[in-house]
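Commentary on secondary and tertiary structure
This is what each chain is made of:
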Amino acid sequence: MHFLGDTYRPPFEEKSLLIPVSAGCSHNRCKFCNLYGETEFQVNPLEVIEEDINSVAKYRTLYKRVFLVGGDPFTLPFESLKFIAETINEKLPRIESIGCHASIMNVMAKTPEQLQELSELGFDGINIGLETGLDAVLDYMDKGYTSAEAKEALLNLNDARISYNLNLVTGLGGPELSMENADASAELLNEVQPKLVMVAPLHMEPGAELEKMEETGEFTQCTLGQIIDEQIRVLQRSELEDTIYFGMQSVNPIRTNGTLNADKEYLIKELEAGRSRFPEHQLNEPIRWFPPKVKLNATRTM
Ligand code: SF4
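Residues numbered from 1 in each chain as written. Predicted model: local features only at pLDDT ≥ 70, side-chain atom pairs only at ≥ 80, totals over all residues. Heavy atoms only, no water.

Right, let's talk about the overall build of the protein chain for a bit. Of the regular secondary structure elements, the protein chain holds 11 helices and 10 strands. The C-alpha atoms of the protein chain give a radius of gyration of 19 Å, which matches the 19 Å a tight globule of 302 residues would have. Counting only C-alpha atoms, the protein chain reaches 60 × 40 × 30 Å along its principal axes. Here the protein chain holds 302 residues, and the buried ones make up 53% of them. Summed over all atoms, the accessible surface of the protein chain reaches about 14100 Å², with 48% contributed by carbon and sulfur. Positive and negative side-chain charges of the protein chain, numbering 28 and 47 respectively, have mean locations separated by a distance of 7 Å. (Helix = DSSP H or I, 4+ residues; strand = E, 2+ residues; numbered from the N terminus. Rg over C-alpha atoms; globule rule 2.2 N^0.38 Å. Buried < 20%, exposed > 50% of the residue type's maximum accessible area, 1.4 Å probe, protein only. Areas by Shrake-Rupley, 256 points an atom, 1.4 Å probe, with all protein chains shown as cover. Lys, Arg positive; Asp, Glu negative; His and termini not counted. Charge placed at Lys NZ, Arg CZ, Asp CG, Glu CD.)

So this is what it looks like as structure tokens:
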């Protein structure tokens, strides 16, 4: 397997076959992110990706899903994604669906017809870092799209029947925009009805531009209490028909999950109870820790 660099896969892809496609992020400009550090965006040649798929096909694998590895493999041109999906379908006939990380911009670059074709070839359950629905924060953090563009891209995915998971970052607007951030994010969720929403607090990544902006006083972090309040507000404003709510990452101060709206009141109570267990001085401080990066051992996927 030709893994190119650090590998991050969503926690719910633990049973998926990982096929390396790219490394780094094609955007790599978000101020709060230093996930890929100095790693330049690069893509494995299609012959190499085909070789990796062929190498898996030699074994009688029981995998039912492929997760294409890399910051945002969905940035590849339509024809390349089509080739990868067709190769997987031909060589690994047990595979039922294909996922990957994707950005809103990757989706915007595909026509509705191309999305439809990718859906028919098996693309489903793609993972998108939306982060917020608030334009002021999207712009400030240099996410590269507006909330209207995000809505259009996500509705195009809905039309193509490609389901998606959205990541939200609470605290991304700082204390002043905290509630506005929650309201705009919930509004966008309500409009697009994602399959899953993964909510995590802003955690200052070492080396990220935002870290320097905090040091110079240009950006102020929310306190732990404000982060939890924002998370509760997102839930209060959510009107979702059948969306998995996933707040179980290592960075979540209170770990919760459920289905929205069915578990809405339960989740709010969990967060309120969790909040009440923190001492006051901690609630009044920003979150000041960062989990260690875990490197995937490429040999363990085969
Ligand atoms: S948040 Fe996502 S899109 Fe932005 S730089 Fe990080 S990996 Fe790239």
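The share of residues in the protein chain with pLDDT of 70 or more is 95%, and the mean pLDDT across the chain is 93. For residues 291–302, every residue scores under 50 in pLDDT, and the model assigns this stretch 21 contacts once sequence neighbours within four places are set aside. (pLDDT = per-residue confidence, 0-100. Contact = heavy atoms within 4.5 Å.)

With that settled, the discussion passes to the site of the ligand. Every residue near the ligand is listed here: C25, N28, R29, C30, F32, C33, Y36, E131 and K143. Classifying every residue of the shell around the ligand gives 5 nonpolar, 1 polar and 3 charged. (Near = heavy atom within 4 Å. Nonpolar A, V, L, I, M, F, W, Y, C, P; charged D, E, K, R; others polar.)

Moving on, we get to the domain arrangement of the protein chain. Taken domain by domain, the protein chain consists of domain 1 (1–124) and domain 2 (127–302). Computed from C-alpha coordinates alone, the two centres of domain 1 and domain 2 are separated by 24 Å. At the junction of the two partners, domain 1 supplies 37 residues and domain 2 supplies 42 residues. Carbon and sulfur atoms make up 63% of the area that domain 1 and domain 2 hide from each other, which totals about 3300 Å². It is K31, F32 and I104 that lose the most area in domain 1 upon contact with domain 2, and together they represent 27% of the buried surface on that side. Our count for the domain 1 to domain 2 interface comes out at 1 salt bridge. (Domains from an automatic or database assignment. Buried area = accessible area lost by both parts, 1.4 Å probe. Salt bridge = Lys/Arg side-chain N within 4 Å of Asp/Glu carboxyl O.)

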